[in-house]
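# Structural characterization, general
Letter by letter, the chains look like this.
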Amino acid sequence: MSKLLIVDDEVAILEALTDILSVEGYDVATAANGAEGLEHVHKARPDLILLDLMMPVMDGQEMLRRLKEDPDLRAIPVVVMSAGRVSKSELQGSRFLAKPFELDDLLDTVSAELNKPH
């Protein structure tokens, strides 16, 4: 069973994504900001991270930067979720999912990232 980490400060989004992805058979954990997200990554090393960019405490941009700087963590695939425009440099090689997204787009993206050779 693949372990996913969803990092988003919107409780409704966390709950909805957790419900959807759990039903699909994923083991889902959540974090409300980048600092919590990094803490979780160090403890439970997910197979994929779904990351919002706009959050308090530590935003997704900073979390992504720290993941990419860490040789032990940089290989974890990240899907950046945002309602705003995002530049290629902001993505740092990650997949992008524009909010609001369709359920099929979410599931296809998660599946593609998990099945991609790393």
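Shown above is the structure to which this text applies.
In short, a report on the structure. On a predicted model such as this, the values are computed, not experimentally measured, just so you know. (Residues numbered from 1 in each chain as written. Predicted model: local features only at pLDDT ≥ 70, side-chain atom pairs only at ≥ 80, totals over all residues. Heavy atoms only, no water.)

The subject of this paragraph is the environment of Val-79. As for its placement among the helices and strands, Val-79 is situated in strand β4 (residues 78–82). We classify Val-79 as buried; its relative accessible area is 0%. Sequence separation of Val-79 and Leu-67 is twelve residues, and the distance between their C-alpha atoms is 13 Å. For Val-79, the residues in contact, after removing those within four places along its chain, are Leu-48, Ile-49, Leu-50, Leu-51, Arg-95, Leu-97, Thr-109 and Glu-113. (Helix = DSSP H or I, 4+ residues; strand = E, 2+ residues; numbered from the N terminus. Buried < 20%, exposed > 50% of the residue type's maximum accessible area, 1.4 Å probe, protein only. Contact = heavy atoms within 4.5 Å.)

So, about the nonpolar core. Across soluble globular proteins, you tend to see nonpolar side chains buried next to one another. Counting 19 residues, the largest nonpolar core has Leu-5, Val-7, Val-41, Ile-49, Leu-51, Met-63 and Leu-67 as its most contacted members. Looking at this core, the elements that each hand over two or more residues are β1 (3–7), β2 (27–31), α2 (34–44), β3 (48–52), α3 (60–69) and β4. The greatest single-element share of this core, amounting to three residues, is contributed by α3. Counting residues in each nonpolar core, the second largest holds 15 residues, with Leu-21, Val-28, Leu-97 and Leu-106 among its members. (Core = buried A, V, L, I, M, F, W, Y, C linked by side-chain atoms within 4.5 Å.)

Now for the packing of α2 against α3. Following both chains from N to C, one finds α2 and α3 inclined at 30°, their axes separated by 9 Å at the closest point. Of the possible angle classes, the one that applies to α2 and α3 is roughly parallel. Helix-helix and strand crossings are classified by hand; for α2 and α3 the assignment is right-handed. Along its contact with α2, which presents Gly-34, Gly-37, Leu-38 and Val-41, the element α3 presents Met-63, Arg-66 and Leu-67. Partitioning the contact of α2 with α3 into residue classes produces four nonpolar, two polar and one charged. (Axes fitted to C-alpha atoms, helices over the stretch in contact; angles between N-to-C directions. Parallel < 35°, antiparallel > 145°, perpendicular 65-115°, else oblique. Left-handed = near helix turned anticlockwise from the far one by under 90°. Nonpolar A, V, L, I, M, F, W, Y, C, P; charged D, E, K, R; others polar.)

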